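Coordinate analysis (summary)
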Amino acid sequence: MSGSSHGHTLAAWTGVIISFIGFCVAGVFMVMANVVGFWAGMVITVAGAVVGGIMHLMGLGQKRMGRAAVEQKTAGAA
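The rules behind each value
- Residues numbered from 1 in each chain as written.
- Predicted model: local features only at pLDDT ≥ 70, side-chain atom pairs only at ≥ 80, totals over all residues.
- Heavy atoms only, no water.
- Patch = residues over 30% accessible without salt bridge, like charges linked within 9 Å, V, L, I, M, F, W, Y side chains within 5 Å.
- Areas by Shrake-Rupley, 256 points an atom, 1.4 Å probe, with all protein chains shown as cover.
- Salt bridge = Lys/Arg side-chain N within 4 Å of Asp/Glu carboxyl O.
- Helix = DSSP H or I, 4+ residues; strand = E, 2+ residues; numbered from the N terminus.
- Buried < 20%, exposed > 50% of the residue type's maximum accessible area, 1.4 Å probe, protein only.
- Expected span 1.5 Å × (residues − 1).
- Polar contact = N/O pair within 3.5 Å; in protein donor to acceptor, adjacent residues only side chain to side chain.

Some details on a nonpolar patch on the surface
A grouping of Leu 10, Val 46, Val 50, Ile 54, Met 58 and Leu 60 is seen on the molecular surface, where their side chains present a nonpolar patch of about 570 Å² in accessible area. Counting residues per element, the nonpolar patch draws most heavily on helix H2 (residues 35-60), at five residues. Within the element layout of this structure, Val 50 appears in helix H2. Accessibility expressed as a relative area gives 46% for Val 50, which makes it partly exposed.

Laid out in structure tokens, this is it:
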């Protein structure tokens, strides 16, 4: 996967970091038996995906290749 630059973008890293923080927040509040805090962590987790998607749309994510480019790349690898 490192050859395809999968996940090596600012949008991917930002989305994953925000989601990870939300996951940790939800986990802490779950152990503390705090329902509101748990759901706040879940909202942060989903917000990470939304922020990553918006950043991708702003041009900070990986560029999409056309079908012909993908076929050419896979044919060259074989």
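Observations concerning H2
An ideal rise of 1.5 Å per residue puts 38 Å on 26 residues; H2 measures up with 35 Å between its terminal C-alpha atoms. In this structure Asn 34 caps H2, since a side-chain oxygen of it lies 3.2 Å from the backbone nitrogen of Val 36.

Any functional reading would require information that these geometric values do not contain.
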